[in-house]
Amino acid sequence: MSELLKNTLQIISRISQSKCGYLVRIDNSDFDVISVWGENKEKFQPLNNSLLKLKKSSEVEFNFVKELPELKNLFTEISINTFFIQEVHSFRERNESVYILLFSEMAEAFNEECKDRIISVLTILSGHVKELLHVVDHDVDKTTGDNENLQVTSEGNGFLSEWEDNFKGLLEVATDLVFILDKSGNIVLVNEAGILTLEYTLDEIKGKHFLEFVNVDFNNSASEAFEEAIKTKNVTRFETILVSKYDRQLAYEISIRLISKNGKVSGMLGTGKNIGKLKHFEKEIRKLKPKIVEANRLIKLERARTKKHESLVEELNRLKSEFISNISHEFRTPLASIIGFSETIESDPDLPPEMKKEFNNIILNEGKRLAKLIKSVLDISKIEGGKISLNRSTVNVVDLLLNVIEMNKEFAGQKNIDLNFEHPSDEVTLEADKDKLSGVFEALISNAIKFTNEYGRVKIITNNLYREVEIIVSDTGIGIPEKDLPYIFQKFYRVSRPGSEIPGTGVGLVFVKQMVDLHKGLITVQSEAGSGTSFILKLPKNLKIEKSEVTS
Ligand code: ADP
């Protein structure tokens, strides 16, 4: 008899907890006992005889079997309390049916739930019976009512259909978990590989409910998946954790599909893929992900920094070469006048003395301008090298400013600029380096005149505050565009004004800022392109007081 048939019968007796059972084929003229199994086979011999008497009956009624005297005896003899009879398969063309008879000593053995479970396995049993009896019909001499003969024949080889062989082989080679559940979810069949991973034996697993092997936390989701599979009749997949006999938690992806016969649910087919490794890798990847994101961010930052560094270096190089060309121009202009006027004096001995005097004057002024330029460039490099120190004394701010304004009067007059000074009548003094402060005022006032068009106005205001002196140099000039404002105190920075370039070196305001810083002062600028500029300078009257205030 086919191994699968044997297994199926065993499963049925296990789920019904029956003591023994019969598989009987009955037709109009004959009956065969295909298989008998269970604990007390020999005790059923009288029943066999009784069943033989059924040969001629046209139909086997449930009640009829029940009334068999041998069966009644059995009930008392081997404490059989209940029995179950159900058609397994009917061969309509041959007008015969195969029945299963199960006997149990438990009063509740065949309750509704149990019957349902048995019936769901009967679908499988029916397949096996059909295969077996077809083969018997075609290949082997049809056995008669001789029970012994049938037993021998059914145990013989060659009854497995090709399909069963292949199916069995498939289950053997499958490395994944393969299982069949009855319609209540109890395990009917599990393949070898599945049993091994779950660390159980086949007997320990069969008949148990599938959810018994699912981690309790995943019971709900698994039940939902089963409901879904029943509802949709499609293959349903879900991830779950199966628990092995030794409590190992195994991550599985389960795929299930309904088995139904004549529209009635008879069970569930399922496979399970161990996704433990996959989960492990997923976890590793999840752990790595933020690290990768962070690494990418760092790379990006590093790139941006390198780029910024490059562009800073490029910018500095550009500014330096601009500075060199500007400063050469600035040097060349006074030098050209000096050389030109000296040559004229030299080459023309008859030059009228007034003209000579005028030319000499120009040479002197241009020389002074050159010296001033060289000084401011040198000052910057000195400050940068930390070589400059303040030569402090009490400085009269108003006097100092009057002096610088006087020096710039001519320059302002050339452009008809109204140079205006507003100051308090009382003395305004502060602790400062007089020369450096003079340089600061000079740079601010000359810039104001330089960047103001003809007939404009430059106003200098001094305010005597409590602890500081405020000096405002304001003009009605061309102004500074907003985008350039943050950069005007940077070395060599010059506002680009295409078409109306005003010569310069971009060091004047650098010097101003450095000096103001050295004096612990503050310089701010307010400007608007086209409407003028105001530099607001605040210098502490007493450096020491200011210093202690800062630190306190
Ligand atoms: P420069 O030698 O070019 O004058 P500065 O360092 O003195 O260099 O000034 C930097 C830039 O600030 C100048 O190129 C100029 O465009 C702008 N600037 C300075 N003062 C004024 C002002 N009063 N009005 C308009 N623009 C000014």
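Higher on the page you've got the structure.
Residues numbered from 1 in each chain as written. Predicted model: local features only at pLDDT ≥ 70, side-chain atom pairs only at ≥ 80, totals over all residues. Heavy atoms only, no water.

Engineer: Teacher, can you tell me more about empty space enclosed by the protein here?
Structural biologist: A probe matching the size of a water molecule, rolled over the atoms, marks out where space remains unfilled. Counting across every chain of the model gives four cavities of 30 Å³ or more. Computed from the structure, the largest cavity encloses a volume of approximately 60 Å³. Elements with a contribution of two residues or more to the lining of the largest cavity: β5 (177-182) and β6 (187-190). Split by residue class, the lining of the largest cavity holds eight nonpolar, no polar and no charged. (1 Å grid on protein atoms, 1.4 Å probe; cavity = no way out; pocket = protein on both sides within 12 Å on 5 of 7 lines; lining within 4 Å. Points joined across faces, edges and corners; volume = space filled by probe spheres on them. Helix = DSSP H or I, 4+ residues; strand = E, 2+ residues; numbered from the N terminus. Nonpolar A, V, L, I, M, F, W, Y, C, P; charged D, E, K, R; others polar.)

Engineer: For this particular structure, what's the right way to read the packing of aromatic side chains?
Structural biologist: Aromatic rings considered in pairs are described by the distance between their centres and by the relative angle of their planes. The final tally for this structure, using the stated rule, is six aromatic pairs. Clustering of aromatic rings is evident, with ring pairs tying together Phe-179, Phe-210, Phe-226 and Phe-238. (Phe/Tyr/Trp six-rings, centres within 6.5 Å; stacked < 30°, edge-to-face > 60°.)

Engineer: Can you help me understand helix α14 (residues 434-450) in this one?
Structural biologist: For α14, built from 17 residues, the straight-helix expectation of 24 Å at 1.5 Å per residue is met to within 8% by its first-to-last C-alpha distance of 24 Å. Burial of α14 is extensive: 13 of the 17 residues sit out of reach of the surface. Two to three positions downstream of the cap, the backbone nitrogen of Asp-435 sits 3.3 Å from a side-chain oxygen, assigning the N-cap of α14 to Asp-433. (Expected span 1.5 Å × (residues − 1). Buried < 20%, exposed > 50% of the residue type's maximum accessible area, 1.4 Å probe, protein only. Polar contact = N/O pair within 3.5 Å; in protein donor to acceptor, adjacent residues only side chain to side chain.)

Engineer: Please explain the sheet that holds strand β11 (residues 418-422) as it appears in this structure.
Structural biologist: An order of β11-β13-β14-β16-β15 is seen for the five strands of this open sheet, with the pairing classed as mixed. If you trace the sheet from one side to the other, it starts and ends with β11 and β15 (522-528), each paired once. Each strand of the sheet is rotated relative to its neighbour by a mean of 10°, with strand direction disregarded. Bridge count between strand β13 (residues 457-464) and strand β14 (residues 468-475): seven bridges; the pairing is antiparallel. Its bridge partner lying in β14, Thr-462 is registered against Ile-471. (Pairing = 2+ DSSP bridges. Axes fitted to C-alpha atoms, helices over the stretch in contact; angles between N-to-C directions.)

Engineer: I would appreciate a short explanation of the sheet that holds strand β9 (residues 264-274) in the present structure.
Structural biologist: Backbone hydrogen bonds are what pair the strands of a sheet, in a parallel or an antiparallel way. The antiparallel open sheet is built from five strands, whose spatial order is β6-β5-β9-β8-β7. Every other strand in the sheet has two partners, leaving β6 and β7 (236-243) as the edge strands with one partner each. Recorded for the sheet is a direction-independent mean angle of 30° between the axes of neighbouring strands. Note: β7 against strand β8 (residues 249-261), eight bridges, orientation antiparallel. Looking at β8, one finds that Thr-240 is bridged to Tyr-252. Of the strands in this sheet, β5, β7, β8 and β9 are in contact with helix α10 (residues 219-232), which crosses β7 at around 150°. (Contact = heavy atoms within 4.5 Å.)

Engineer: Explain the pairing of β7 here, please?
Structural biologist: Along a regular strand, successive side chains alternate from one face of the sheet to the other. Burial within β7 is extensive, with six of its eight residues counted as buried. With antiparallel pairing between neighbouring strands as the criterion, β7 and β8 make up a hairpin whose turn holds five residues, including Asp-247 at a positive phi of roughly 70°.

Engineer: What exactly am I supposed to notice about the environment of Gln-414 here?
Structural biologist: Locating Gln-414 in the fold gives a position in helix α13 (residues 397-414). Sequence separation between Gln-414 and Glu-454 is 40 residues, and the spatial gap between their C-alpha atoms is 8.4 Å.

Engineer: Explanation requested: the pattern of salt bridges in the structure shown.
Structural biologist: Close approach of charged atoms allows side chains with opposite charge to pair. Taken as a whole and judged by the stated rule, the model has twelve salt bridges. Across the salt bridge formed by Glu-253 and Lys-273, the nearest N and O atoms sit 4.0 Å from each other. Highlighted residues: Glu-253 in strand β8 and Lys-273 in strand β9, separated in sequence by 20 residues. What makes Glu-253 partly exposed here is its relative accessible area of 23%. Its relative accessible area of 40% is what places Lys-273 among the partly exposed residues. For Asp-433, the salt bridge is made with Lys-436, and the minimal N-O distance between the two is 3.1 Å. For the residue pair Asp-433 and Lys-436, the accessibility class agrees, reading buried in each case. Each of Glu-239, Lys-279 and Glu-282 takes part in a single network of salt bridges with overlapping partners. (Salt bridge = Lys/Arg side-chain N within 4 Å of Asp/Glu carboxyl O.)

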